[in-house]
Amino acid sequence: TCFLGCAVNGHPTPNITWLYSGEPLSLRHQRLAAGRILHILNVSDFTDGEFSCLAQNEAGSLTQVMSLAIQEYRWSVDKLTACSASCGHRGLQLPQLRCLLDGAEVNVSYCTETPKPSLQPIACNRKDCPSRWMVTSWSPCTRSCGGGIQTRRVTCQRLTAKGSSVPMSNEACAQVSKRPVDTQNCNRQPCVEWAVSSWGQCNGPCIGPRLAVQHRQIFCQTKDGTSVSSDQCSSLARPLSTQNCWTDVCGVHWRVSLWTVCTATCGNYGFQSRRVDCVHIRTNKPVMEHHCSWRPRPANWQRCNITPCENGTLLTGGEAEWCRSRKEGRVISQMQHWTLQL
């Protein structure tokens, strides 16, 4: 839309008429402020010509003439990007969009409400390429250290406009550029390894679940025995410098004897016992029990033959009631005899 003003004033109030190219305007255009302002609803209806307002009252008439210049933002595709390839079969150019106003380029934001034209890439530089050297990837190095060799394949080829690669003679490429090398040295760093000293003395009480420990020195050296910085061995698994060990004190275990014969054939008072000692594995001699305390101590007595006696007999003949006590690791019994009165 557009608003045009007629800057006239008079007394009595003049009657205003709007004209375009000398002809009165249709009523579909709005007149505001007693006709002094003309509201043009669609400026695209006017392409060429002049607007004028005619003001008339009893004193006379006055005409004002004005021109309406219609400028529109539009997209332009008169430029192309650089070709994506100098030869071969993949070269493309993309049209570049520009926003223009009366032939001058402006910010593209002014054209956001204008539909964009469809853009199609344009093929370019579709022609055979000059001969050139083609190389493969380097092969793995023949050695991981100390200097090895790796190779690659070098050939002379030409890429055609259809996308195929045609083998060419080496002379054809040599005229364009120097032949790339097909062999090179690799992994020239010296070969290194972790070296260790002998394990030191085994130290520690070895009582409880903790064992004694021993230490050794760890250092990095070359294959010929030359010491180097430990950083050069950082990619290798580092040996342990400390470990648990087993001293003579640790070599103990609980030794148990066979169970004795049960003290009763039935009833609730039968039990049997066995001897439990802490002994050295190598010498088989008893040692103080606290050396074995880090392992559970086996039971040295248990009940046995706990079944009812036949015919209601609690004791037969002279049965023994054993009382158990511990004194210097031995089981002592007292024999008592009696006869059951029925």
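Calculation rules
Residues numbered from 1 in each chain as written. Predicted model: local features only at pLDDT ≥ 70, side-chain atom pairs only at ≥ 80, totals over all residues. Heavy atoms only, no water. UniProt positions renumbered as here; feature names shortened; annotations may be inferred. Helix = DSSP H or I, 4+ residues; strand = E, 2+ residues; numbered from the N terminus. Contact = heavy atoms within 4.5 Å. Disulfide = S-S within 2.5 Å.

Per an unreviewed UniProt entry, the protein is named ATL1 protein, and its organism is Nicator chloris. The UniProt entry for the protein carries this comment under Subcellular location (unreviewed entry): "Secreted".

Asks: Hey, could you run me through the environment of L54 in this one?
Replies: If you trace the backbone, L54 turns up in strand 6 (residues 50-57). Residues L54 and L19, 35 residues apart in the sequence, show an inter-C-alpha distance of 7.8 Å. Look past the residues within four positions of L54 in its chain and what remains in contact with it is N15, I16, T17, L19, S61, L62 and T63.

Asks: Hey, could you run me through the state of the cysteines in this one?
Replies: In protein structure, a disulfide is the covalent linkage between the sulfur atoms of two cysteines. Within this structure, the stated rule accounts for 12 disulfides. The disulfide partner of C83 is C124, and the S-S distance across this bridge is 2.0 Å. Across the disulfide from C83 to C124, rotation about the S-S bond amounts to roughly 95°, and the bridge is consequently right-handed. Taken as a pair, C83 in the loop between strand 8 (73-80) and strand 9 (92-93) and C124 in the loop between strand 12 (122-123) and strand 13 (132-135) lie far apart in primary sequence, 41 residues in all. Disulfide partner of C156: C173, at an S-S distance of 1.9 Å. On the sign convention where negative is left-handed, the bridge of C156 and C173, at about 90° about the S-S bond, is right-handed. Here C173 lies in helix 1 (residues 170-174) and C156 lies in strand 15 (residues 154-159), a separation of 17 residues in the sequence.

Asks: I keep staring at the environment of E72 and nothing clicks. Help me out?
Replies: Inspection of the secondary structure puts E72 in the loop between strand 7 (60-67) and strand 8. When the C-alpha positions of E72 and Y110 are compared, they lie 9.7 Å apart, and in sequence the two are 38 residues distant. Dropping the residues within four chain positions of it, E72 is found in contact with L100, L101 and D102.

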